[in-house]
Amino acid sequence: MSRPITLFTGQWADLPFEEMCRLASSWGYDGLEIACWGDHLDVVKAAESDKYVRQQKDILEKHNLKYWAISNHLVGQAVCDNPIDERHKSILPSRVWGNGDPEGVRQRAAEEMKTTAIAAKAFGVDTVVGFTGSSIWHYVAMFPPVTPEMVAAGYKDFADRWNPILDVFDKQGVKFAHEVHPSEIAYDYWTTVETMKAIKHRPAFGLNFDPSHFVWQDLDPVNFLLDFKDRIYHVDCKESRKQLNGRNGRLGSHLPWADPRRGWDFVSTGHGHVPWEDVFRGLNAIGYKGPISVEWEDAGMDRLFGGPEALEFIRKLNFTPPTAAFDAAFSSKS
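A brief report on the enclosed structure follows. Because the structure is predicted, anything quoted here is derived from the model rather than measured.

1. Description of the side chain of histidine 178
- Inspection of the secondary structure assignment puts histidine 178 in strand β5 (residues 175-179).
- Beyond its immediate chain neighbours, meaning those up to four positions away, histidine 178 contacts Gly130, Phe131, Thr132, Glu184, Ala186, Phe205, Gly206, Leu207 and Asn208.

Encoded structure:
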C-alpha cells in the first residue's frame, strides 16, 4: 500500500477547521498534518480536555480524514531565537508572548512545546513537526567576524533549551521532527550534523524532510535523505524554484514572495526545481512508510487551484516499492 498523502493546514489556518477538512476531503487527501494555530488545534485545550480532543477528531472523522502528525512551528521558533521582536509577536499566542520580554518569551515557548508533546499523545499521534529557532542564525553572514566559540555557544544554547523539552517528548512517547530550514539551528547539511551532535543524537529529535529549502541552497536532497535515513520522521512536499539570472540574488534581496526579482521563490508542488522522482525513489530506498504531506505555498497561484493539483502531482510519484526484483522472473525456477 502506498504512503498516505496529507495536507499541512498551516497555510490554511485562516479557514475554520471544519471548512479545511471539507476542502481536503473533497480533493481526495487521505488526512491532515494539523497546525497548532488558528482554530485547527489548541495544544493547551488538547492537553487538558478529552472533550476538546473528541470534538476535533469528530470533525476529521466526519470528513473521512486521518492524522499522523501535528505541527507547532510558530511556538518552536521562539524557543531559541535571538532577537525576539515584533515578528514573533505577530505569530505567537498571546499567552506565549506575554509582556514581550525576550527571555520570558523563550521560556514560555519552551513550556508550550512541552505541552505540545502532551497534546500529541492525547490526540493519538507520535510526531510533532516544527522549528527550533536559533540564537546564531543572525551570524550567517560571518561579518563582523564570528568566532568558533560564538558558534559553539549557539549549539549549546539549543541543547540547553531543547533537552528539557525532549525529556517530556520521551515521557509521552512522542518524537519531534525538526524542519531543516533557514533561520533554524539546522538549516543545511553540516548544521544538521552539528545539531545532532549537540543533543548527543538522542532519538526524540529527528527531521521533517522538506526539499524546498535544499534547492535554492544548491544542496542535494536525495543524499540528505540517504545520509539521515534513520532520522527522517516526517516528510513535507514543498516546492521552490530558482530564478538566478545574473540580477536576482540567492538571498532574496528583501523582496516579497512572487516578486520576479527574487533569486528563488516558493511555488506549488511540481512547478519548481525539486527532483521529485529522485526524492520518491530515495524515500523508497530508505524504507520510509510515513505520511507524505503537501505543504502548499505559492504567492502567484490561487490555493484552491493549487491544493488539488499538488495532490494529483504527488499521487503519480507515490508508487509502492516492489516486493521482488524485476529480473526475478528471468530465473529458471520461476
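2. What to know about the packing of aromatic side chains
- Scanning all chains against the criterion turns up 21 aromatic pairs.
- Aromatic pair tyrosine 189 and phenylalanine 224: ring centres 6.2 Å apart, planes at 85°, arrangement edge-to-face. Of this pair, tyrosine 189 sits in helix α9 (residues 189-198) while phenylalanine 224 sits in helix α11 (residues 221-227); the two residues are 35 residues apart in sequence, bridging distant segments of the chain.
- Residue classification places tyrosine 189 among the partly exposed positions, given a relative accessible area of 21%.
- Each member of the aromatic cluster is reached from another via a ring pair, and the members are Tyr189, Trp190, Phe209, Phe214, Phe224 and Phe228.
- The residue whose ring lies beneath lysine 57 is phenylalanine 123, and the NZ or CZ to ring-centre distance is 5.7 Å.
- If you follow lysine 175 out to its NZ or CZ, it ends over the ring of tyrosine 233, 4.6 Å from the centre.

3. A closer look at the nonpolar core
- Grouped together as the largest cluster of nonpolar side chains are 85 residues, with contacts concentrated most on Leu7, Tyr29, Leu32, Ile34, Leu60, Ile232 and Leu283.
- In this structure, isoleucine 34 is in contact with Thr9, Phe17, His40, Leu41, Leu60, Tyr67, Ala69, Ile70, Ser71 and Phe123, ignoring residues within four places of it in sequence.

4. A word on the pairing of strand β1 (residues 5-8)
- Burial of β1 is two-sided: the residues Ile5 and Leu7 facing one way and the residues Thr6 and Phe8 facing the other way are all buried.
- Where β1 meets strand β2 (residues 31-35), 3 bridges bridge the pair, whose relative direction is parallel. Note that in β2 the partner of threonine 6 across the bridge is glycine 31.
- On the question of chirality, the crossover connecting β1 to the parallel β2 by way of helix α1 (residues 17-27) is right-handed.

Conventions we followed
Residues numbered from 1 in each chain as written. Predicted model: local features only at pLDDT ≥ 70, side-chain atom pairs only at ≥ 80, totals over all residues. Heavy atoms only, no water. Helix = DSSP H or I, 4+ residues; strand = E, 2+ residues; numbered from the N terminus. Contact = heavy atoms within 4.5 Å. Phe/Tyr/Trp six-rings, centres within 6.5 Å; stacked < 30°, edge-to-face > 60°. Buried < 20%, exposed > 50% of the residue type's maximum accessible area, 1.4 Å probe, protein only. Lys NZ or Arg CZ within 6 Å of the ring centre and 35° of its normal. Core = buried A, V, L, I, M, F, W, Y, C linked by side-chain atoms within 4.5 Å. Pairing = 2+ DSSP bridges. Right-handed = clockwise from strand over helix to strand, strands pointing away.

By themselves, these are just geometric observations and shouldn't be taken as functional.
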